[in-house]
Amino acid sequence: MMYVVLVAHDVAPSQGLLKLQRALEAYGHTATSYFGFGKTIATPTHAISENIRNASVLVVGMSSSRVLATEEMLAARHALRHAIPFGLYGDTYGSFGRPWLRQLCSQSDFLFVLNEHEAALAKKIFGAHPRILVTGNPLWEDFAHPEHSRTVTRKLLNIEPHRRMILVPGTKEFAINVHLFASVVEAAQRTGKNIEIICSI
């Protein structure tokens, strides 16, 4: 059985690798995770490094900026120093092309990417090494199977069953959110109907 260490800072890679952790444990493997879910990882880096030394393999996320990817990059470099196989999980398009991660991607043993198109792009950049594995994004697959029904969701949000509703998912970029939310509000007002708008950031 394997001992796997998983490290991710951003919300999406933390959630995706948490699913991997649960699957690994269901198959009898041992996994230790250091997930920030968008916040700084609480465990000191020296403690994470110590666990990586004992790991069979390390899997890290690919966070959205150099600063946010600090723990992931430190973990991968530690695995490199100690000859521990490691890979990176791309939870969105073009993750492997982020400048602060390119060198680590080229030094990794494997990359998890979204689809065949992303795999082809990664192969153009990195060639035969690392191994490119198409895994998709399990969180996106969950969208097709929501936890709550329409009725339950509306009840939780205190929205009457007959009311029209628009859910507007935001991004990490404030400027994009302002433009997106304003555009949706303007479009809803043009309909002349009373529409409930829920913005999610």
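Only a predicted model underlies this, so the values are computations on that prediction, with no experimental measurement involved.

A. Just the packing of aromatic side chains, in detail. In the structure shown here, the tally under the stated rule is 4 aromatic pairs. With a centroid separation of 5.7 Å and an interplanar angle of 35 degrees, the aromatic rings of Y93 and W140 are classed as tilted. Residue Y93 is located in the loop between β4 (86-89) and α4 (102-107), and its partner W140 is located in helix α6 (residues 138-142); the two are separated by 47 residues in the primary sequence. What makes W140 partly exposed here is its relative accessible area of 36%. Taken together, a centroid distance of 6.4 Å and an interplanar angle of 75 degrees make the contact between F96 and F126 edge-to-face. Taken together, the residues F96 in the loop between β4 and α4 and F126 in helix α5 (residues 116-126) connect sequence positions 30 residues apart.

B. Just the pattern of salt bridges, in detail. On inspection of all chains with the given rule, the structure shows 3 salt bridges. D142 is the partner of K19 in a salt bridge, and the nearest nitrogen-oxygen pair spans 3.0 Å. With K19 in helix α1 (residues 11-26) and D142 in helix α6, this pair connects stretches of sequence that are 123 residues apart. E196 serves as the salt-bridge partner of R163, at 3.1 Å between the closest nitrogen and oxygen. With a gap of 33 residues between them, R163 in the loop between α7 (150-156) and β7 (164-169) and E196 in strand β8 (residues 195-200) connect regions that are remote in the sequence.

C. Structural detail: the pairing of β7. Relative to β8, β7 runs parallel, the two being bridged by 6 bridges. Following the sheet pairing, P169 is matched in β8 by S200. Each parallel crossover has a hand, and the one from β7 via helix α8 (residues 174-191) to β8 is right-handed.

D. Region of the structure containing the sheet that holds strand β6 (residues 131-134). The strand order across the open sheet formed by 6 strands is β2-β1-β3-β4-β5-β6, and the pairing between neighbours is parallel. Every other strand in the sheet has two partners, leaving β2 (30-35) and β6 as the edge strands with one partner each. Averaged over all neighbouring strand pairs, the angle between strand axes comes to 20 degrees, with direction disregarded. Judged from the 4 bridges that link them, strand β5 (residues 110-113) and β6 form a sheet pairing that is parallel. Within β6, the position partnered with F110 by the bridge is R131. Of the strands in this sheet, β1 (3-8), β3 (57-61) and β4 are in contact with helix α3 (residues 70-81), which crosses β3 at around 155 degrees.

E. Just the layout of surface pockets, in detail. Looking at the largest pocket, its volume works out to about 1200 Å³. Counting residues per element, the lining of the largest pocket draws most heavily on α1, which supplies 4 residues. In the lining of the largest pocket, the residues fall into 13 nonpolar, 13 polar and 6 charged.

F. Structural context of empty space enclosed by the protein. According to the stated counting rule, one finds 1 cavity of 30 Å³ or more in the structure shown. What the largest cavity holds in volume is close to 50 Å³. Together, T45, I48, S49, I52, E71, L74 and A75 line the largest cavity. Put simply, the parts of the chain that give the lining of the largest cavity at least two residues each are α2 (45-53) and α3. A per-element tally of the lining of the largest cavity places α2 first, with 4 residues.

G. Molecular detail of the pairing of β4. Here β4 shows a buried face lined by F86 and L88 and a second buried face lined by G87 and Y89. Looking at chain direction, β3 and β4 are connected through 4 bridges and run parallel. Counted as the bridge partner of V60 is L88 from β4. You can see the chain leave β3, run along α3 and come back into β4, and the turn it takes is right-handed. In this sheet, β5 lies alongside β4 in parallel orientation, the contact comprising 3 bridges. When the bridges of β5 are listed, Y89 appears paired with F112. In this region the chain leaves β4, passes through α4 and returns to the parallel neighbour β5; the handedness of that crossover is right-handed.

Procedures and definitions
Residues numbered from 1 in each chain as written. Predicted model: local features only at pLDDT ≥ 70, side-chain atom pairs only at ≥ 80, totals over all residues. Heavy atoms only, no water. Phe/Tyr/Trp six-rings, centres within 6.5 Å; stacked < 30°, edge-to-face > 60°. Helix = DSSP H or I, 4+ residues; strand = E, 2+ residues; numbered from the N terminus. Buried < 20%, exposed > 50% of the residue type's maximum accessible area, 1.4 Å probe, protein only. Salt bridge = Lys/Arg side-chain N within 4 Å of Asp/Glu carboxyl O. Pairing = 2+ DSSP bridges. Right-handed = clockwise from strand over helix to strand, strands pointing away. Axes fitted to C-alpha atoms, helices over the stretch in contact; angles between N-to-C directions. Contact = heavy atoms within 4.5 Å. 1 Å grid on protein atoms, 1.4 Å probe; cavity = no way out; pocket = protein on both sides within 12 Å on 5 of 7 lines; lining within 4 Å. Points joined across faces, edges and corners; volume = space filled by probe spheres on them. Nonpolar A, V, L, I, M, F, W, Y, C, P; charged D, E, K, R; others polar.

That is the geometry; function is a separate question.
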